[in-house]
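These are the residues of each chain, in order.
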Amino acid sequence: MARVSLKNLDKFYGSTQILHGIDLQIQDGEFTVLVGPSGCGKSTTLRIIAGLEEASGGDVYIGDVRVNDIEPKNRDIAMVFQNYALYPHMNVYENMAFGLRLRKYSEKEIDTRVQEAAEILSVQDYLYRRPKELSGGQRQRVAVGRAIVRKPSVFLFDEPLSNLDAKLRVQMRTEIKKLHARLQTTMVYVTHDQVEAMTMGDRIVVMKDGHIMQAAEPLAIYEKPQNHFVGSFIGSPAMNFFEVEVQDSSLVNEKFVLPIEDMHSEMLKSFNGQTIQIGIRPEHFSIQDTQNSISAELEVSELMGNESFLYCTTGKDTFIARVPDNTPLKTGTELRLFAEPESYYFFELESGKRIV
């Protein structure tokens, strides 16, 4: 096992900068998830760790060793790709054994490692099938098994579940977490799916445009987003945002006015007369006709079984309320929606930084 350290990492493709001074410490045995939208630099970061891409600046350490100039095969890492990357002419056993044979392991050691990995991943019955005879989930297990037999210091996963159907993704998420608990090896996992990030990671690194926006434990990311982007990206459905002007003791929107509670007055005092954003998560809304509720028109109601997602508009703002109610509501219904002031988040309008 080993920690991974990225120090002031830059990456350019021509004149286009993809990574901007990435600093990240991944602890020994930690399951770290890099998450963000397409093009944010997360896969590039992973490929630089693996040695498949060369950094334009900065350093990569695995353990205490600077690996910038070390070949990928000598970095003691194993990578699982999105497209499985299995050899179609080899059966499962041969695919899992191939890397060990290149490293001149004995046939006895190879067989022991392959059988152990096959048992861990429950692919014993497929060892002599070829990849074309396997389902997507089975192929992914084999790809993970090929990494396991190496017994590397660091596992790297590049969106390994994106080709699987929804049910199988949930199952494989569980399997990979169980694998981490069993092996206790450092794992770095890339995904664009924030649900995967929240459910799998010991720590989440949220990226945007080649920058780290926030790195913290999942609950801290969810409850204490440092900026507008993290608040909007983490959460399903996403956080709602409303522009309000701070006016003495009130937050004024074109369609509603909310009082500034004592708990927020000191924090917002320096923003008097300015426009800021207030963030409210969908699950913090309830249907209540109170003095401090927001009047809205229902556009769409999605019945989820034990709850409903209400897509609403108020003035120029659209937002979602997630309410524990399965009563169907008609489009065009006028609603009054209330959220406790304790659930409010405040963000600067221009910078997007959270006001705390």
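Chemist: For this particular structure, what's the right way to read the sheet that holds strand S2 (residues 16-26)?
Modeler: Sheet architecture is open: 4 strands sit in the order S2-S1-S4-S5, paired in antiparallel fashion. Looking at strand neighbours, the two that pair on one side only are S2 and strand S5 (65-66), the edges of this open sheet. Of the pairings in the sheet, the one linking strand S1 (residues 4-13) to S2 comprises 7 bridges and is antiparallel in character. Directly across from leucine 6, in S2, lies its bridge partner leucine 24. Against the sheet, helix H1 (residues 42-50) makes contact with S1, S2 and strand S4 (57-62), and its axis sits at roughly 115 degrees relative to S1, the strand it touches most.

Chemist: How should I be thinking about the pattern of salt bridges in this particular structure?
Modeler: Pairing of side chains with opposite charge becomes possible as their charged atoms draw close. Going through the model one piece at a time under the given rule, you end up with 15 salt bridges. Note that arginine 336 is salt-bridged to aspartate 289, the shortest N-O span being 3.2 Å. Note that arginine 336 is positioned in strand S19 (residues 334-339) and aspartate 289 in the loop between strand S15 (285-287) and strand S16 (294-303), a separation of 47 residues in sequence. Overall, the relative accessible area of 28% leaves arginine 336 in the partly exposed class. Given a relative accessible area of 65%, aspartate 289 falls into the exposed group. When salt bridges that share partners are traced, they join Lys11, Arg47 and Glu53 into one network.

Chemist: I would appreciate a short explanation of the nonpolar core in the present structure.
Modeler: One broad trend across soluble globular proteins is that nonpolar side chains are buried collectively. Counting residues in each nonpolar core, the largest one holds 46 residues, and the members touching the most others are Met96, Val114, Phe157, Tyr189 and Val206. Tyrosine 189 has contacts with Phe31, Thr32, Val33, Leu34, Phe157, Pro160, Leu161, Ile176, Glu196 and Met200, leaving out every residue within four places of it along the chain. If you look at the next biggest cluster of nonpolar residues, it comprises 27 residues, including Val244, Phe256, Ile278 and Leu298.

Chemist: Is there a simple way to think about the packing of aromatic side chains in this case?
Modeler: The geometry of two aromatic rings is summed up by the distance between their centres and the angle between their planes. Summed over all chains, the structure comprises 11 aromatic pairs. Between phenylalanine 157 and tyrosine 189, the aromatic rings sit 5.7 Å apart at their centres with planes inclined by 35 degrees, giving tilted as the arrangement. Here the residue phenylalanine 157 occupies a position in strand S7 (residues 154-158), and tyrosine 189 occupies one in strand S8 (residues 186-191), the gap between them amounting to 32 residues. Summarising the burial analysis for this pair, phenylalanine 157 and tyrosine 189 share the class buried. Taken together through their ring pairs, the aromatic side chains of Phe31, Phe155, Phe157 and Tyr189 make up a single cluster. Sitting over the ring of tyrosine 61, lysine 7 keeps its end group 4.6 Å from the ring centre. In this arrangement the basic side chain of arginine 281 is found over the ring face of tyrosine 222, its NZ or CZ atom lying 4.0 Å from the centre.

Chemist: Help me out: how do you make sense of the pairing of strand S10 (residues 211-216) in this one?
Modeler: Looking down a regular strand, the side chains alternate between one sheet face and the other. One ladder, built from 5 bridges, connects strand S9 (residues 203-208) with S10; its direction is antiparallel. Its bridge partner lying in S10, methionine 207 is registered against isoleucine 212. Here S9 folds back onto S10, and the loop between the two strands holds 2 residues, one of which, aspartate 209, carries a positive phi near 50 degrees.

Chemist: I keep staring at the environment of glutamine 274 and nothing clicks. Help me out?
Modeler: Mapped onto the elements of the fold, glutamine 274 is located in the loop between helix H9 (262-268) and strand S14 (275-280). The residues contacting glutamine 274, other than those within four sequence positions of it, are Val244, Glu245 and Val246. Here serine 270 takes part through its backbone oxygen, which lies 3.5 Å from a polar atom of the side chain of glutamine 274.

Chemist: Is there a simple way to explain the environment of tyrosine 128 in this structure?
Modeler: Along the chain, tyrosine 128 turns up in the loop between helix H3 (107-121) and helix H4 (136-148). In sequence terms tyrosine 128 and methionine 239 are 111 residues apart; their C-alpha atoms lie 49 Å from each other. Filtering out sequence-adjacent residues up to four positions away, tyrosine 128 remains in contact with Asn91 and Tyr93.

Chemist: Teacher, can you tell me more about helix H2 (residues 92-102) here?
Modeler: Structural remark: α-helix, 3.6 residues per turn; residues separated by three or four positions point the same way. Within H2, the full set of buried residues consists of Val92, Tyr93, Asn95, Met96, Ala97, Gly99 and Leu100. If you follow the buried residues of H2, they end up packed against H3 and H4. Looking at the residues trailing H2, positive phi occurs at lysine 104, about 65 degrees.

About the thresholds
Residues numbered from 1 in each chain as written. Predicted model: local features only at pLDDT ≥ 70, side-chain atom pairs only at ≥ 80, totals over all residues. Heavy atoms only, no water. Pairing = 2+ DSSP bridges. Helix = DSSP H or I, 4+ residues; strand = E, 2+ residues; numbered from the N terminus. Contact = heavy atoms within 4.5 Å. Axes fitted to C-alpha atoms, helices over the stretch in contact; angles between N-to-C directions. Salt bridge = Lys/Arg side-chain N within 4 Å of Asp/Glu carboxyl O. Buried < 20%, exposed > 50% of the residue type's maximum accessible area, 1.4 Å probe, protein only. Core = buried A, V, L, I, M, F, W, Y, C linked by side-chain atoms within 4.5 Å. Phe/Tyr/Trp six-rings, centres within 6.5 Å; stacked < 30°, edge-to-face > 60°. Lys NZ or Arg CZ within 6 Å of the ring centre and 35° of its normal. Polar contact = N/O pair within 3.5 Å; in protein donor to acceptor, adjacent residues only side chain to side chain.

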